[in-house]
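Geometric and topological summary
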Amino acid sequence: MTKKKPLAILVTAIGPIYLDYAKKMMASLFKTNPDIQKKADIALMTDKEFRELDGTPEHMLYMTPWFTKHLLKDYECVVRIDSDMIICGDISSCWEGDFDVAVVNNANPREIKAQVNLMGGVVTVWTVKPEDYVNCGFVVVKSEKFVDHWLKFCTPENKMYRMYEQDFLNILTFYCNYKVKFLDGAPEKLGQYVVNVVPNEKNKWWGLVAKGYWSEVVLKDKKLILPKNSGTEIDTWPTDFDKEIVGIHFAGGNQPNKFDHLDTQFDKPVAEYLKYLISDEPKA
């Protein structure tokens, strides 16, 4: 039996919009993690790779477990990073430890309100609280059993689930007794869930958990920091520690020009730094 390689970074870039995002995301990844290509293979899945794996329109609904399944044949660990992200910190801790899956949060106090305004309700599944619900944009998988279980949910009979592959990720995370690493910090109360929580650092945030508070992020020593008690009295966030923002995740589906409004979303020094990260400029 051939020994597996240690690590793959999965980046999906189906269609020209996401291919453009993927190039910018990888530029930021290489600048903030300069030795990443010594640690991991970058698996950029474009339309070409999708066709070579006999991809169908059905597979587009659950690309994360589908591509991950293929990669876990050859790798011990797969880190899936959404192409519409900017990586702005060291990600190496995300794959450290003994776990089946590592996940990130989908929302915060402001984003939960935004979900209600935009969608008429919060994003959740079964009895998972909206603030605990996890996002599919940054996922680390080590267990073939986990990804096989994930794929079993992805059937035509289950299309009533609004968020589909992401809802199924949450069901597996909270109800199926896998070893879970919560990258943004574990929910405070897990008594209602069947879950084995793997310890994790508490001072880093990895994606959507900071969205809505971007204007309050500051740049310190080439790190993006969201200070403790940002926000207002009714939506203070975070409440425990200052957080290093490791990834900026725009989300929102197949929309063009997501990276074009940094000047209005962030403080000027932060915006200039982010524009540098996604540019073709070499590492300073």
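A brief look at the structure comes next.

How each quantity is defined
- Residues numbered from 1 in each chain as written.
- Predicted model: local features only at pLDDT ≥ 70, side-chain atom pairs only at ≥ 80, totals over all residues.
- Heavy atoms only, no water.
- Salt bridge = Lys/Arg side-chain N within 4 Å of Asp/Glu carboxyl O.
- Helix = DSSP H or I, 4+ residues; strand = E, 2+ residues; numbered from the N terminus.
- Buried < 20%, exposed > 50% of the residue type's maximum accessible area, 1.4 Å probe, protein only.
- Axes fitted to C-alpha atoms, helices over the stretch in contact; angles between N-to-C directions.
- Parallel < 35°, antiparallel > 145°, perpendicular 65-115°, else oblique.
- Left-handed = near helix turned anticlockwise from the far one by under 90°.
- Contact = heavy atoms within 4.5 Å.
- Pairing = 2+ DSSP bridges.

1. Focus on the pattern of salt bridges
This structure, assessed with the given rule, holds 15 salt bridges. Of the charged contacts in the structure, one is a salt bridge between K4 and E144, with a shortest N-O distance of 2.7 Å. With K4 in the segment before strand 1 (5-13) and E144 in helix 6 (residues 144-153), this residue pair connects regions lying 140 residues apart in the sequence. Between K275 and D263 there is a salt bridge whose closest N-O contact spans 3.0 Å. Of this pair, K275 sits in helix 9 (residues 268-277) while D263 is found in helix 8 (residues 262-265), placing the two residues twelve residues apart along the sequence. Judged by relative accessible area, which is 30%, K275 ranks as partly exposed. One continuous salt-bridge network, built from bridges that share partners, spans R110, E216 and D235.

2. Comments concerning the packing of helix 6 against helix 7 (residues 165-175)
At a minimum axis separation of 9 Å, helix 6 and helix 7 run at an interaxial angle of 130 degrees. Relative to helix 7, the element helix 6 lies oblique. The two elements helix 6 and helix 7 cross, and the hand of that crossing is right-handed. Contacts from F146, H149, W150 and F153 of helix 6 reach helix 7 at E165, F168, L169, I171 and L172.

3. Examining the pairing of strand 6 (residues 134-141)
Two faces make up the sheet, and in a regular strand the side chains alternate between them. Counting buried positions along strand 6 yields eight of eight residues, so the element is predominantly enclosed. As judged from the four bridges shared by strand 3 (residues 75-81) and strand 6, these two strands associate in the antiparallel manner. Bridging across to strand 6, R80 finds its partner in V139. Note: strand 5 (residues 101-105) against strand 6, four bridges, orientation antiparallel. Across the sheet, N105 pairs through a bridge with V134, a residue of strand 6.

4. Quick word on the side chain of S28
Of note, S28 is situated in helix 1 (residues 16-32). Classification of S28 by relative accessible area gives buried; the value is 0%. Those residues in contact with S28 that lie beyond four places of it in its chain are I86, I87, L277 and I278.

Don't take any of this as a statement about function, it's just geometry.
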